[in-house]
Amino acid sequence: MPHFTKPAAGSWTENYPELGTEVVDFTDSTDPAFYADEQEAIFKKSWLNVGRAERLPKVGSYFTRELACVNASFVIAKDHDKQIRAYYNICRHRGNKLVWEDYPGEETAGVCRQFTCKYHAWRYSLEGEATFVQQEKEFFDIDKSKFGLKSVRCEVWEGFIFINLDDAAQPLEDYLGAWAKGLEGYPFHEMTEVYSYRAEIGANWKLFIDAFAEFYHAPVLHMKQAVKDEADKLLEVGFEALHYECWTPHSMVSSWGGMAPPKDPGMVKPIERELRSGLFGPWDRPDIEGLDPLPTGVNPAGHKAWGVDEFEVFPNFGILIWAPGWYLTYHYWPTAVNKHIFEANLYFVPPKNARERLRQELAGVTFKEYALQDANTLEATQTMLETGAITEFPLNDQEVLLRHLHITVQNIVKEYRNGRAAS
């Protein structure tokens, strides 16, 4: 018998009949040709989150992003009208990378009045206009107005900055759809204390999304995150989510857990009891507006045992909202069919004293431990998928978001290939 109510269809998977219940083909995670088409059909056509508005606190603030999935580098900056803009990180003179420090492949950030190319000192305003050409008279009646930086579509939702390489793509608000409306008003802007992790993972980008889009594995893989008695109980009970939702191409899962404080302090480790913090974040909610009541899209089941909602923003961005009053983001940036850059950022309300700081640090290092457990497992998964010995796998009802992700990606690539063949 299920522990929580399932849809009238009988299961979460059957609630979305277009997904089916058959085995799922995972060659989309091993085929180099499929990955090449993903780059064209998905990453060059979708809205991609590149950061938060807090990274650009004043006029002239900027940061760069190196995105191998679209084979490009970008500059994100705040102009004199305090508008956030995005540009290809390319000088219009000879194609040199415009903004970089000692190593051109590394990302950087800072504040400036204008961008100056290291190669021949061409200059560009924050609005992307070419303002200075070194030895301009040596050129042949050059019109600087025709040689500004190449802009990229850039829009902001709730402080999250997105770019899109496709000029014909729908506006960001339309792309995000109904689920985003349900999150509006959450106090993301209050949570500016950030702990960041970044690692290269030897696995396809979708496999790490798979790992975080289901908690079916948590009682097994992460059993040492809890004291033994509690871990044994969780393993015996297994896992069921409170709610799943698919708004193709996006999706979400809502889960129990993260009670703050736990009903029985003996359920957690001594350091967690001492600091009142742990895997699910600090136990004491910050005193800020926007957490009570929560926006309508959070905890859609309205369950009193609710602990976390994970929103999967297609293609490669995740937002996790935790009951104790903090949030976490994931990014999965593919660099090859079997490699990607995994980024995680934990966002808290700035601490008021040393104890609050230690609570946040404990949450941060605990997160790192369980994330590395997933990453290590995924590399083992990738190597076995690449043998090709088995290509199709059964997925259970708690893995409905995995099914949704792979079928969505496969359908988009199929449509792209059909269009290419027709043309």
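About the thresholds
Residues numbered from 1 in each chain as written. Predicted model: local features only at pLDDT ≥ 70, side-chain atom pairs only at ≥ 80, totals over all residues. Heavy atoms only, no water. UniProt positions renumbered as here; feature names shortened; annotations may be inferred. Helix = DSSP H or I, 4+ residues; strand = E, 2+ residues; numbered from the N terminus. Rg over C-alpha atoms; globule rule 2.2 N^0.38 Å. Buried < 20%, exposed > 50% of the residue type's maximum accessible area, 1.4 Å probe, protein only. Contact = heavy atoms within 4.5 Å. Areas by Shrake-Rupley, 256 points an atom, 1.4 Å probe, with all protein chains shown as cover. Lys, Arg positive; Asp, Glu negative; His and termini not counted. Charge placed at Lys NZ, Arg CZ, Asp CG, Glu CD. Pairing = 2+ DSSP bridges. Axes fitted to C-alpha atoms, helices over the stretch in contact; angles between N-to-C directions. Salt bridge = Lys/Arg side-chain N within 4 Å of Asp/Glu carboxyl O. Phe/Tyr/Trp six-rings, centres within 6.5 Å; stacked < 30°, edge-to-face > 60°. Lys NZ or Arg CZ within 6 Å of the ring centre and 35° of its normal. Parallel < 35°, antiparallel > 145°, perpendicular 65-115°, else oblique. Left-handed = near helix turned anticlockwise from the far one by under 90°. Nonpolar A, V, L, I, M, F, W, Y, C, P; charged D, E, K, R; others polar. 1 Å grid on protein atoms, 1.4 Å probe; cavity = no way out; pocket = protein on both sides within 12 Å on 5 of 7 lines; lining within 4 Å. Points joined across faces, edges and corners; volume = space filled by probe spheres on them.

- As annotated in an unreviewed UniProt entry, the chain carries the name Aromatic ring-hydroxylating dioxygenase subunit alpha and comes from Nocardia jiangxiensis.
- Per UniProt, the chain has the following entry under Cofactor (unreviewed entry): "Fe cation".

### Brief notes about the overall build of the chain
Then step 1. A count of helices and strands for the chain gives 9 helices and 19 strands.
Then step 2. Taken over C-alpha atoms, the radius of gyration comes to 23 Å for the chain, in line with the 22 Å a tight globule of 423 residues would show.
Then step 3. Its C-alpha atoms put the chain at 80 × 60 × 35 Å along the principal axes.
Then step 4. Split into buried and exposed, the 423 residues of the chain put 51% on the buried side.
Then step 5. Long-range contacts, defined as pairs at least 24 residues apart, comprise 66% of the intrachain contacts of the chain with a sequence gap of at least 6.
Then step 6. Total accessible area on the chain stands at roughly 20,200 Å², and carbon and sulfur atoms take up 52% of it.
Then step 7. Each charge class in the chain can be summarised by its mean position, and for the 43 positive and 62 negative side chains these summaries are 6 Å apart.

### Concerning the sheet that holds strand β15 (residues 306-313)
Neighbouring strands of a sheet are bound in pairs by backbone hydrogen bonds; such pairs are parallel or else antiparallel.
Then step 1. Read from one edge of the open sheet, 7 strands run β12-β18-β17-β16-β15-β14-β13, paired in antiparallel fashion. Either end of the sheet is taken by a strand with one partner, and the two such strands are β12 (193-201) and β13 (243-247). Within this sheet the neighbouring strands show an average axis-to-axis angle of 15 degrees, counted without direction.
Then step 2. Here β12 pairs with strand β18 (residues 339-348) via 9 bridges, running antiparallel. Paired with Val194 across the strands is Tyr347, a residue of β18.

### Considering the UniProt feature "domain: Rieske" (unreviewed entry) in the chain
Then step 1. As recorded in UniProt, the sites labelled "domain: Rieske" (unreviewed entry) are residues 47-163.
Then step 2. Strand forms 38% of residues 47-163 and helix 0%; the C-alpha atoms that close the span are 6 Å apart.

### Comments concerning the environment of Leu98
Then step 1. Along the chain, Leu98 turns up in the loop between β5 (84-88) and β6 (109-111).
Then step 2. In this view, Leu98 contacts Asn89, Ile90, Cys91, Phe115, Thr116, Cys117, Tyr124 and Leu149; residues no more than four positions away in its chain are not counted.

### A short note on the pattern of salt bridges
Two side chains with opposite charge may pair up if their charged atoms get near one another.
Then step 1. Evaluation of the coordinates by the stated rule reveals 19 salt bridges.
Then step 2. Lys206 is the salt-bridge partner of Glu38, the closest N and O atoms lying 2.7 Å from each other. With Glu38 in helix α1 (residues 32-43) and Lys206 in helix α4 (residues 205-212), the pair connects residues that are 168 residues apart, well separated along the chain.
Then step 3. Its salt-bridge partner being Glu40, residue Lys44 comes within 3.0 Å of it at the nearest N-O pair.
Then step 4. Of the residues examined, Lys44 reaches a relative accessible area of 23% and is grouped as partly exposed.

### A look at the packing of aromatic side chains
Then step 1. On inspection of all chains with the given rule, the structure shows 31 aromatic pairs.
Then step 2. Both rings, one in Tyr62 and one in Phe115, keep their centres 5.6 Å apart while their planes meet at 80 degrees; by these two values the pair is edge-to-face. Residue Tyr62 is found in strand β3 (residues 61-67), and its partner Phe115 is found in strand β7 (residues 115-116); the two are separated by 53 residues along the sequence. You'll find Tyr62 and Phe115 in the same group, each marked buried.
Then step 3. Members of the aromatic cluster, joined through ring pairs, are Trp157, Phe160, Phe162, Trp179, Tyr186, Phe188, Phe311, Phe317, Tyr327 and Tyr347.
Then step 4. Taking NZ or CZ as reference, Arg55 lies 4.2 Å from the ring centre of Phe63, over its face.

### Here's the deal with the packing of α4 against helix α8 (residues 354-385)
Then step 1. It is the contact of α4 with α8, at a shortest axis distance of 10 Å, that shows an interaxial angle of 130 degrees. Comparing the axis directions of α4 and α8 gives the class oblique. Viewed along their axes, α4 and α8 form a crossing whose handedness is right-handed. Within the contact between the two elements, α4 uses Leu207, Phe208, Ala211 and Phe212 and α8 uses Tyr370, Ala371, Asp374, Ala375, Leu378, Thr381, Gln382 and Leu385.
Then step 2. In terms of residue class, the contact of α4 with α8 is made up of 9 nonpolar, 2 polar and 1 charged.

### Looking at empty space enclosed by the protein
Then step 1. Per the stated rule, a full pass over the model turns up 1 cavity of 30 Å³ or more.
Then step 2. The calculated volume of the largest cavity comes to roughly 90 Å³.
Then step 3. Lining the largest cavity are 13 residues, and of these Ile209, Pro249, Ser251, Glu312 and Leu405 sit closest to its centre.
Then step 4. Listing elements by their share of the lining of the largest cavity, those giving two or more residues are β15 and α9 (400-422).
Then step 5. For the lining of the largest cavity, the leading source of residues is α9, giving 3 residues.
Then step 6. For the lining of the largest cavity, the residue count by class is 9 nonpolar, 3 polar and 1 charged.

### Considerations on the sheet that holds β3
Then step 1. With respect to topology, 7 strands assemble into an open sheet ordered β2-β11-β10-β5-β4-β3-β6, the strand pairing being antiparallel. What marks the edges here is a single partner per strand, and that holds for β2 (48-52) and β6. Taking the axes of each pair of neighbouring strands and ignoring which way they run, one obtains an average angle of 25 degrees across the sheet.
Then step 2. Where β5 lies against strand β10 (residues 151-157), 2 bridges are found, and the strand directions are antiparallel. Bridging across to β10, Tyr87 finds its partner in Ser151.

### Concerning the pairing of strand β11 (residues 160-164)
Then step 1. For β11, the tally of buried residues reaches 5 of 5 residues, placing the bulk of the element in the interior.
Then step 2. Summarising the sheet, β10 and β11 pair through 5 bridges and their orientation is antiparallel. Paired with Trp157 across the strands is Phe160, a residue of β11.
Then step 3. A loop of 2 residues connects β10 with β11, the two strands running antiparallel in sequence, and Glu158 in this loop sits at a positive phi of about 50 degrees.

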